[in-house]
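Observations on the model geometry
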Amino acid sequence: MNIPEDRRYTKTHEWAKLDGGLIVVGISDFAQESLGDVVYVETPEVGREVAAGEAVAVIESVKTASDVYAPVAGKIAEVNEALADAPETVNEDPYEGGWLFKIEPADAAALEGLLSPEDYAKLVEEES
Amino acid sequence: MDFTPHTADDVRTMLAELGMQDLRELYADLPPELLEPQLNLPEPLSEQEVLVHLQELAARNQTAAKSFLGGGVRPHFVPSLVPALAQRGEFLTAYTPYQPEVSQGVLQAIFEYQTMIAELTGLDVSNASLYDGAEALAEGVLLALRQTRRMGVVVSQGVHPEYRQVLATYLHAVGAEMRMVALEGGLTPAAQFDDSVGAVVLQSPNFIGAIENPEPWIAAAHQAGALVVYVADPLSLALLKTPGEWGADVAVGDGQPLGNAMNFGGPHFGYIAVREKLLRQLPGRLVSETRDVDGRRGYVLALAAREQHIRRAKAKSNITTNAQLTALMGAMYLASLGPAGLAEVATTAVVRAHELAAALAEIDGVELATPQPFFNEFALRLPRPADEVRAALAARGWHAAAPVPAEYGENLALFAATERHGGADIDGLRQALAEVLS
């Protein structure tokens, strides 16, 4: 199971990574594999204020549809438009090309409150 | 598939598991009078005697085939082809087509229905139908609120008052705010909307029959970032500019005028159509065309992840079914008439309604209360309360003058005409109304 060291994770299987003042959010390798083939990603509206833990996106796979939660509070700054035509990128490249949205964080330090790669690896081990 | 009951062996096995001898022991807690009720029934009759009895009862029915009542439900001629097809077992008894491998016929029929509704409304996509016009309106407004993430709704008073009641019930449950804009001179006045408004609703032809100019409302709504839900009688769309052409985002309405009898006010079917950007918000079933592994055309339920059986509490709607048979009757009706035939039916209805209005407005004390142009319904102001007039006409065998709620004005009554009403019918109603009012 691929769990890159350069970012933080949530109990709901999102990853979050600081990039140029924005927090990029996607779902983990474990999450994409559990979901199965992704067929549609409903991204949030740019400019929307979101709370930490708020459901902001929906990933539809051939098996189910699951909410994606904002790891930190802030404003949606950008969404991955490319997923509209290529939702399978979430499966193929969950940590880079398959990012979902970027948050302009109310407090960038909130990232520190999320799970470390080691803690997330333990969580995945328990759940799998 | 045949129904297979439990065999006597099955029952014995299950009872043994429960440590019981007799099925009666399972029902020991029930009062005996419920288990063996004394039914007050007459003696048995032969089939022939039952038929005679039922024919006697049926002869006491008053037919509403010549109803002039209006209010969105009207008698139209339904070609025999429609009931003949609709009563085929494949349509009449078909259940949810979850398995495309055994449901191609009904799936294709639904797909054709959806296509016709999309064409009629000038919008991109329709679902497999909803229950009736009022419910379709409520779903259309909820859809707009989900999309805009707003909780304000502005509704024209021109929207059918019963639809507004149903809408208010739904909106109360989700905590949305609903405001009404009163008609002025029978038409919806210009309005401004603030950025709390997610949905604006207007109806054309409106409740009292007038054809609205929806352009100012649509422009103001879009200016404010709100979506427009347009309530339209589907028959009127054969002649009038469509909701899609006007720029509306959602079109809803009651399908009764399309191939369905009045059915005592229901069951009918409701239609809903939306722009493609709202597709993911659309409630209920959706059928899509696809190709199988051999490249052959086929039909399947699509985008099911919006729905309750997959998304549970987070589904776009609690709607899990549709008005299958009545909606397919609508599609059969549309297919049997074609666009030109439908326009002919609509034109005839307009002509008859205007003849009727002119004839009735000649009566002393009666005046037309609906501004021109109107479609095939209109309101008259009567010299007496409408419910008295309606009752007196009904006693003479004429079903007309549906009372209009007092919020629209005093002593107003709705009248409608269709291709079912000939010159003799119009003349007969005129005489009856003149007598009742004299």
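Higher on the page you've got the structure.
The structure contained in this document is the topic of the report that follows.

**Regarding the overall build of chain B**
Along its length, chain B carries 14 helices and 13 strands. Each of the three principal axes of chain B carries a C-alpha extent, and together these read 80 × 60 × 45 Å. Counting the 438 residues in chain B, one finds 42% classified as buried. Intrachain contacts of chain B at a sequence separation of at least 6 include 72% that bridge at least 24 residues.

**Regarding the overall build of chain A**
Looking only at helices and strands, chain A features three helices and nine strands. From first element to last, N terminus to C terminus, chain A shows the α and β order β-β-β-α-β-β-β-β-β-α-β-α. In terms of C-alpha radius of gyration, chain A reaches 13 Å, essentially the compact-globule figure of 14 Å for 128 residues. Dimensions along the principal axes, computed over C-alpha positions, put chain A at roughly 35 × 35 × 20 Å. When burial is assessed residue by residue, chain A has 41% of its 128 residues classed as buried. Contacts in chain A between residues far apart in sequence, at least 24 positions, make up 65% of those at least 6 positions apart.

**Looking at the sheet that holds strand S4 (residues 197–203) of chain B**
Residues and elements named next belong to chain B. In spatial order, the strands read S1-S7-S6-S5-S4-S2-S3; together these seven strands make up an open sheet with mixed pairing. Taken across any chain shown, the strands that pair with only one partner, and hence form the sheet edges, are strand S1 (125–126) and strand S3 (177–181). Pairing analysis gives four bridges linking strand S2 (residues 152–156) to S4, with the strands arranged parallel. By the bridge assignment for S4, Gly152 is matched with Val197. The strands touched by helix H7 (residues 133–148) are S2, S4, strand S5 (227–231), strand S6 (250–254) and strand S7 (270–274); relative to S6, the strand with the most contacts, the crossing angle is about 165°.

**Some words on the pairing of strand S13 (residues 412–416) of chain B**
Residues and elements named next belong to chain B. With five of its five residues buried, S13 lies for the most part within the structure. Side chains of S13 alternate between two faces, with Leu412, Leu414 and Ala416 and Ala413 and Phe415 buried alike. Both strand S11 (residues 377–381) and S13 contribute to a ladder of five bridges, which runs antiparallel. Considered in S13, the bridge of Glu377 is made with Ala416. Relative to S13, strand S12 (residues 402–403) runs antiparallel, the two sharing two bridges. Paired with Pro403 across the bridge in S13 is Ala413.

**A closer look at the nonpolar core**
Ranked by size, the top nonpolar core spans 113 residues in total, and within it Val250 and Ala413 of chain B carry the most contacts. Among the elements that line this core, the one with the most residues is helix H12 (residues 324–361) of chain B, at 15 residues. In terms of domain composition, this core takes at least three residues from each of domain 1 (81–332) and domain 2 (339–437) of chain B. In contact with Ala413 of chain B, not counting residues within four places along its chain, are Ala379, Leu380, Leu382, Ala386, Val389, Arg390, Ala401, Ala402, Pro403 and Val404 of chain B. In terms of nonpolar packing, the next biggest core, distinct from the first, is built from 29 residues, Val25, Val38, Val56 and Phe101 of chain A among them.

**Overview of helix H9 (residues 215–223) of chain B**
Residue and element names in this part refer to chain B. Regarding H9, the residues found buried are Trp217, Ile218 and Ala221. On an axial view of H9, the arc spanned by its buried residues comes to 95°, and they lie on one face. Summarising the geometry of H9, the exposed residues directed more than 90 degrees from the buried face are Glu215 and Gln223. Against the buried residues of H9 lie S4, S5 and helix H10 (243–246).

**A short note on the sheet that holds strand S6 (residues 55–61) of chain A**
All names here are of chain A. As summarised here, the arrangement of the three strands in space is S4-S6-S7, forming an open sheet in which the pairing is antiparallel. With partners counted over all chains shown, the strands left at the sheet margins are strand S4 (38–42) and strand S7 (65–69), one partner each. When the angles between neighbouring strand axes are averaged without regard to direction, this sheet yields 25°. Pairing geometry for S6 and S7, over five bridges, is antiparallel. Residue pairing across strands places Ile59 opposite Ser66, the latter belonging to S7.

Cut-off values and rules
- Residues numbered from 1 in each chain as written.
- Chains lettered and ligands numbered in written order.
- Predicted model: local features only at pLDDT ≥ 70, side-chain atom pairs only at ≥ 80, totals over all residues.
- Helix = DSSP H or I, 4+ residues; strand = E, 2+ residues; numbered from the N terminus.
- Buried ≥ 20, exposed ≤ 12 C-beta atoms within 10 Å, placed from the backbone.
- Contact = placed C-beta atoms within 7 Å.
- Rg over C-alpha atoms; globule rule 2.2 N^0.38 Å.
- Pairing = 2+ DSSP bridges.
- Axes fitted to C-alpha atoms, helices over the stretch in contact; angles between N-to-C directions.
- Core = buried A, V, L, I, M, F, W, Y, C linked by C-beta atoms within 7 Å.
- Domains from an automatic or database assignment.
- Arc of directions from axis to C-beta.

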